[in-house]
Amino acid sequence: MKSKMPQYEYINLDSGWSETYDEFGRWTFRKDLFPRGLRALTDDLAQNGQKLGLYLLPGIRKDAADDDNVRVKGMNVRLGELVQQKKEGNGFAGTSYMPDDHDDPRVYQYYESQAELLAEWGISYVKIDGCGPGGGSEWQPGGSPDTRRDLELMHRAFAKHKIWMELSWYLDVQYAAEFSKLGNGARVFIDIESYSKKTMTSAHRVFKRITFASQWAETGVVGAENGFYIDMDVITAGMTVDGQCIDGLPNDDVRLAYITFWALTSSVFCLGADPRRIPDNYLHWYNHPDMLTIHQCGIMAKPIGSGDAWKNRRQVWWKSLPDGRVAVGLFNTSVFPVFLGRSYDISFALADVGLGKKAKIKDVWAGIHLPDVEDTYKTVLRPGQCQLLLLTP
């Protein structure tokens, strides 16, 4: 995989990596999947310059807490004593308990022992799912309990070992400032998967995220300066199985817009597809040097005008890069659940992106330099199409 995607650092395992707990109630790996253990796996990955990430839930595992034989590591304390009220510990009911008293030092000891175990395995990233305030569905948000006190303890424990901590899912933007101190990234909306038996997602589910991203852009807490980034979920563009593309997207216009918007917002950039199966033309997009420069600067783009992708189908997002150039993305969001809409002319003034009356302009995906623009740039985009520009004063 390193040869396919040399700039990508983490390989993250989702929930299936663990089905049980150890003698101290900590998440532990499935021996049927990892007979040599996770330390052997992280050592192998390190030879390629890659790191391993895992999936956890906040709270104390229900199965471990219900086992009278499990003790908190380093203490003669039954784990179940910490959760006698048996409150739900996260948005997935019946999987963990919330501690009765987060100020009880034994609770932090539990989380610290979990962090120590992950560090022993060489883990560098954890996705914490079921967090709140947030969770739930698109139509009934807020389904997760308030896990902020647990996240505070987990973040303190994991940060000691320099473990990246990602918060999920559909977190309430009202608490963005607090979440920025409890983790390194936050999911802004529901899963991107359509949960179809045939395809992974849809153009409508992709473009919906623009509106939610705009709400987080307004908070001012997202970006490298705070070590905190939005997470719009995985990118599945070009996902191929048995030679057939199953990403569910109608065309390459939408696929390119998908990648472009994640890059402009410096979203956590996780592929949801096996890179060994992705066709070369899509791999080229994922490895494009200008796209990676735009993404890796860690600056979140912001919209010109309304970032509501349904009320404003002519979306223009921009950000200044550290080298003085300006990245601008234009998006026609005329995309509906079962069909594409119509073409739109989309424009922006140079003054709106912090430039003077004239600029040199490069079309990133076309790989060509366009005629210098004066005052205003304008183009026509098909429904679902985007254009990614680099402007030099």
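Going by the structure above, here's the rest.
Residues numbered from 1 in each chain as written. Predicted model: local features only at pLDDT ≥ 70, side-chain atom pairs only at ≥ 80, totals over all residues. Heavy atoms only, no water.

Caption draft 1: Quick look at the nonpolar core. Judged by nonpolar contacts, the single largest core of 106 residues is most densely connected at W17, F158 and W216. In terms of residue count, helix α7 (residues 252-264) provides more of this core than any other element does, 9 residues in total. Those residues within four positions of W216 in sequence are excluded, and the remaining contacts are L171, D172, V173, A176, F179, A186, V188, V222, F228, I230 and M300. Grouped together as the second largest cluster of nonpolar side chains are 18 residues, F348, I361, Y377 and L381 included. (Core = buried A, V, L, I, M, F, W, Y, C linked by side-chain atoms within 4.5 Å. Buried < 20%, exposed > 50% of the residue type's maximum accessible area, 1.4 Å probe, protein only. Helix = DSSP H or I, 4+ residues; strand = E, 2+ residues; numbered from the N terminus. Contact = heavy atoms within 4.5 Å.)

Caption draft 2: Representation of the sheet that holds strand β8 (residues 123-128). Strand order across the open sheet formed by 6 strands is β1-β4-β8-β11-β12-β13, with parallel pairing between neighbours. Among the strands making up the open sheet, the edge pair consists of β1 (10-12) and β13 (229-231). Shown here is a sheet whose adjacent strand axes are inclined to one another by a mean of 25°, direction ignored. Here strand β11 (residues 164-167) runs beside strand β12 (residues 185-187); their pairing, made up of 2 bridges, is parallel. Its bridge partner being in β12, L167 is matched across the sheet by A186. Set on the sheet, helix α1 (residues 38-46) makes contact with β1, β4 (51-56) and β8; between it and β4 the angle comes to about 140°. Here helix α4 (residues 148-159) sits on the sheet in contact with β4, β8 and β11, set at roughly 160° to β11. (Pairing = 2+ DSSP bridges. Axes fitted to C-alpha atoms, helices over the stretch in contact; angles between N-to-C directions.)

Caption draft 3: Structural detail: the environment of I361. Looking at where I361 falls in the secondary structure, it is placed in strand β20 (residues 358-363). The spatial distance from the C-alpha of I361 to the C-alpha of T392 is 6.4 Å, given a sequence separation of 31 residues. Not counting residues within four places of it along the chain, the set of residues in contact with I361 comprises H369, L370, P371, Y377, L389, L390 and L391.

Interpretation in functional terms is not warranted from these geometric data alone.
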